[in-house]
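Architecture at a glance
In case you want the letters, here they are:
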Amino acid sequence: MPKITVPSPAVTSTSRRHLLMGSAGALALLALPGCDRSAVKEAATGSAASGVKTVVMTQSSDFQTGTMMAQNNPNLSIMRLIFNPLTEYDPKTMEPKPSLASSWKMSDDQKTLTLELRTDVSFHNGAKFTSADVLAAIAFMQKDGVPSQVKHNAKIVTATAPSESQVVLTLQHPVSNIFDMLEMMVIPQKDSYEQMLTGAAFVGTGPFKVDSYKHGQGMSLSANDKYFKGRPKIDKVEVQIVAEASSRVASLKTGASHISMDLPPLDITSLIADSKFANVIAETWDSAMYVASNVTIAPLDKKEVRQAIAWSVDREAIVTKVLSGIGQTSSLPWSKSSPAYDEAASKTYKYDPEKAKQMISAAGAAGQEVKIYYVAAQAGFASVAEIVQAGINAAGLKVTMVPMQPADFFKGLTGEGLPGLFINGHGFGQMRPATLLKGAFPFNADKNGSRFVNDKYKAICNAIWQNTDAAKAKAQYDEVNALLLDEQFVSDLALGAHTYTISTRVKGLAYSALDYLILDQADLS
């Protein structure tokens, strides 16, 4: 079961506030997009008059329909409502469990995976789920321009279908994270991809089918009566896009909504003091914050300067002030559940301003100017940037903060590069280590935001990816951790978690290993 915190009315300390980053504002409740008076009344009454159980959820950003084969925060709420993957990890044990694939067998040489598919599954449009849909999903993921953090696996797979209920995946070489791909690769109906990319239609096998979607406003879904795991108890789900955190809080307080994803802690203080609300913490702990360096820009081209920056940051202040105690400091990107997690190594860099100052001086960088880029609309990132700036300034560099619009930030990050330091977040510390090292952009050995190119790093990342021998893995993880700590092209700061703040009328909410919202067994009391 997910960890649920139900604060008592007397509790007001920051240690009980819950995560994460978002924007603040003061839109009136009646201005909520897609939330007219009838919708508010229906949510507030729990649809008792009509007998229809409708759950209303709010989130800050619109869905990104072009990224359905990747983990992308705006899509966390809907992915597992609409679609199913072939296999699903148990988020506690990270062992793969059946979903659209009922069973599987890996060959002795670890290069051929045979998947047996369920034969009792249909899509929302009535089409039967078959092996042809799996082949279409793999072919789609393999296309250039289709984003996915597991594309490195898809690119080396040849998929065949001996029958409608069997798929054989032949790999060019063994990989350690094939089930990460099977988890992330949802299966739309094979003829629906163009509609999905434009947002015109979403045809999956999941517990809820999409009735309507309006860009920038939200999505309406209704229960799939023929869901292969059993019809959900909830009849309808409304996901509304509400940019202002204060409006999302107001919506929960009035009963106009029942769930809000990743509310910032300062905006939910009133909620956690009320026994009518609780926070579900996704204990995958894969919402990490980091500061990274463009290593082609002086003085960040010197690893001694990058190490000094790592020593200069007050990570405890980030956990306390930004994450409100929901998280932990870390010098490495791994969640505690990861086989690459090393508790001692994760505590390598502590707040040591004097050491940072000495290192900056020894590197001949004292007084040099550095810019920190971050997304202005994310209050959490702005707060982290202020803490990082204070530490680096005290160490002897001259830091200028550069707030950016999201589109400009990510264009710079993935294009020519941001000319300095940049604050951002990453996930995948809970998945197989190869997925982070080969797929998560901050760490991707082939191309990353830091413009860090290192043959040794590429070699160890590829070795971890291709190794399926657990006896050899520990030494490989130790080697890559040592390199990450030494080079500091990414300085991890803190590990946080995604949260779902809920009315306690919502029962049975769950989440996947990728933090996707699961309402299969949920109910509304």
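Please read all numbers here as calculations on a predicted model, not as lab measurements.

Our focus in this paragraph is the overall build of the chain. When its secondary structure is counted, the chain shows 17 helices and 24 strands. A separation of at least 24 residues holds for 72% of the contacts in the chain among residues at least 6 apart in sequence. As displayed, the chain has an accessible area near 19,800 Å², and 52% of this comes from carbon and sulfur atoms.

To continue, consider the side chain of Thr-435. Along the chain, the position of Thr-435 falls in helix α15 (residues 433-439). Apart from the residues within four sequence positions on either side, Thr-435 is in contact with Gln-149, Val-150, His-152, Asn-177, Asp-180, Phe-428 and Ala-440.

This paragraph deals with the packing of aromatic side chains. Under the defined criterion, the tally for this structure stands at 12 aromatic pairs. The interplanar angle of 70 degrees and the centroid separation of 6.2 Å between the aromatic rings of Phe-123 and Phe-129 together place this pair among those described as edge-to-face. An identical accessibility class is assigned to Phe-123 and Phe-129; each is buried. Measuring from ring centre to ring centre gives 4.2 Å for Phe-452 and Phe-489, while their planes differ by 10 degrees; the resulting arrangement is stacked.

Moving on, we get to the sheet that holds strand β16 (residues 369-375). In space, the 6 strands of this open sheet follow the order β15-β19-β14-β18-β16-β17, with mixed pairing throughout. The outermost strands of the open sheet, each flanked by one partner alone, are β15 (328-329) and β17 (398-404). Two strands pair when backbone bridges link them, and β15 and strand β19 (residues 490-496) are joined in this way by 2 bridges, in the antiparallel orientation. Within β19, the position partnered with Gln-328 by the bridge is Leu-495. Strand contacts of helix α14 (residues 406-414): β16, β17 and β18 (421-426), with the helix running at about 100 degrees to β18, the strand carrying the most contacts.

As a further point, take the environment of Ala-407. Locating Ala-407 in the fold gives a position in helix α14. Under the relative-accessibility criterion, Ala-407 is labelled exposed at 59%. With 32 residues separating them along the chain, Ala-407 and Val-375 place their C-alpha atoms 9.1 Å apart.

So, about the pairing of strand β5 (residues 101-106). Sheet topology note: the β5/strand β6 (residues 112-117) ladder contains 5 bridges and is antiparallel. Bridge pairing in β6 places Ala-101 opposite Leu-117. Once β5 ends, the chain turns through 5 residues before running back antiparallel as β6, passing Gln-110 with a positive phi of about 65 degrees.

Now for the sheet that holds β5. Through backbone hydrogen bonds, the strands of a sheet pair up, either in parallel or in antiparallel fashion. Strand order in this open sheet of 4 strands is β5-β6-β8-β7, and the pairing throughout is antiparallel. Because the sheet does not close on itself, it has two edges, and the strands there are β5 and β7 (157-163). Going across the sheet, the axis of each strand differs from the next one's by a mean of 20 degrees, ignoring polarity. Bridging between β7 and strand β8 (residues 166-171) involves 5 bridges; their strand directions are antiparallel. Within β8, the residue paired with Thr-158 across the bridge is Thr-170.

Another aspect to go through is the pattern of salt bridges. All chains considered together, the criterion is met by 17 salt bridges. With its nearest N and O atoms 2.9 Å apart, the salt bridge here joins Glu-283 to Lys-92. Of this pair, Glu-283 sits in the loop between β13 (277-281) and β14 (287-293) while Lys-92 is found in the loop between β3 (87-89) and β4 (96-98), placing the two residues 191 residues apart along the sequence. Three or more residues joined by partner-sharing salt bridges are found here, namely Arg-80, Glu-88, Lys-229 and Asp-520.

What follows covers unusual backbone geometry. For the bond from Ala-298 to Pro-299, the omega torsion is 0 degrees, close enough to zero to count as cis. The phi dihedral of Phe-428 falls on the positive side, at around 75 degrees, and the residue is not glycine. In the Ramachandran plot, Arg-451 falls in the positive-phi region, its phi being about 60 degrees despite a non-glycine side chain. Of note, Arg-451 is situated in the loop between α15 and α16 (455-466).

Turning to helix α12 (residues 353-362), a few remarks are in order. Quick reminder: α-helices carry 3.6 residues per turn. Residues three or four places apart thus point the same way. Along α12, the residues that are buried comprise Ala-356, Met-359 and Ile-360. The buried side chains of α12 occupy one side of the element, clustering within an arc of 100 degrees when seen end-on. Looking at α12, the residues exposed on the side facing more than 90 degrees away from the buried face are Ser-361 and Ala-362. Here the buried face of α12 lies against α9 (303-312) and α13 (379-395). Residue Gly-364 follows α12 closely and has a positive phi angle near 70 degrees.

Counting buried residues in β18 gives 5 out of 6 residues, a clear majority hidden from the surface. Here β14 runs beside β18; their pairing, made up of 6 bridges, is antiparallel. Residue pairing across strands places Ala-288 opposite His-426, the latter belonging to β18. With 2 bridges connecting them, β16 and β18 associate as parallel partners. Bridging across to β18, Tyr-373 finds its partner in Phe-422.

At their nearest, the axes of α16 and helix α17 (residues 470-487) sit 10 Å apart, and the two run at 150 degrees to each other. In terms of orientation, α16 lies roughly antiparallel with respect to α17. Our pair here, α16 against α17, has a crossing hand that is left-handed. Only Gln-476, Tyr-477, Glu-479, Val-480, Leu-483 and Leu-484 of α17 make contact with α16, whose side of the interface consists of Lys-456, Tyr-457, Ile-460, Ala-463 and Ile-464. Partitioning the contact of α16 with α17 into residue classes produces 8 nonpolar, 1 polar and 2 charged.

For the chain, per-residue confidence averages 90 on the pLDDT scale, and residues scoring 70 or more make up 90% of the total. This stretch, residues 3-45, has a pLDDT under 50; its non-local contacts, to residues over four places away or in other chains, come to 120 contacts.

What counts as what
Residues numbered from 1 in each chain as written. Predicted model: local features only at pLDDT ≥ 70, side-chain atom pairs only at ≥ 80, totals over all residues. Heavy atoms only, no water. Helix = DSSP H or I, 4+ residues; strand = E, 2+ residues; numbered from the N terminus. Contact = heavy atoms within 4.5 Å. Areas by Shrake-Rupley, 256 points an atom, 1.4 Å probe, with all protein chains shown as cover. Phe/Tyr/Trp six-rings, centres within 6.5 Å; stacked < 30°, edge-to-face > 60°. Buried < 20%, exposed > 50% of the residue type's maximum accessible area, 1.4 Å probe, protein only. Pairing = 2+ DSSP bridges. Axes fitted to C-alpha atoms, helices over the stretch in contact; angles between N-to-C directions. Salt bridge = Lys/Arg side-chain N within 4 Å of Asp/Glu carboxyl O. Arc of directions from axis to C-beta. Parallel < 35°, antiparallel > 145°, perpendicular 65-115°, else oblique. Left-handed = near helix turned anticlockwise from the far one by under 90°. Nonpolar A, V, L, I, M, F, W, Y, C, P; charged D, E, K, R; others polar. pLDDT = per-residue confidence, 0-100.

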